[in-house]
Amino acid sequence: MNVANLQLEGLLMAVASINQVLVRKGVLTAEEIDIALRKAEAGETGEERSNGMSASSRDAVNFPIRLLELANQCQPETDMPSFSKLARMVGQIKEPYNDQM
């Protein structure tokens, strides 16, 4: 595996852990984090950004956002699933883009 991929994997899990701490300490709610992540995903899948991008490229751009969304749903009572479990879940819940229908 590419070292950069491992670094991104670690970064995503670190951000997910920080998000859990922010919720646990009452700085943000899980809903506020979810809204921020949904806005980020909407910005990345918007017509201007994704125009001309293949579905696989859009999936690549949105993967980290979707992984953090799933990790956020584990707040705060449950243990954080591993990166591989979260990644598998992202693949299982992925919906087709409007232009793929």
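Parameters and conventions
Residues numbered from 1 in each chain as written. Predicted model: local features only at pLDDT ≥ 70, side-chain atom pairs only at ≥ 80, totals over all residues. Heavy atoms only, no water. Salt bridge = Lys/Arg side-chain N within 4 Å of Asp/Glu carboxyl O. Helix = DSSP H or I, 4+ residues; strand = E, 2+ residues; numbered from the N terminus. Buried < 20%, exposed > 50% of the residue type's maximum accessible area, 1.4 Å probe, protein only.

A. Summary view of the pattern of salt bridges. This structure, assessed with the given rule, holds 3 salt bridges. Salt-bridge contacts for E41 lead to R66; the nearest nitrogen and oxygen are separated by 2.7 Å. One end of the pair, E41, is in helix 2 (residues 30–45); the other, R66, is in helix 4 (residues 55–72), with 25 residues separating them in the sequence. Since its relative accessible area comes to 14%, E41 is described here as buried. Since its relative accessible area comes to 12%, R66 is described here as buried. The residue R66 makes a salt bridge to D59 at a minimum N-O spacing of 3.6 Å. Like R66, the residue D59 is buried in the burial classification.

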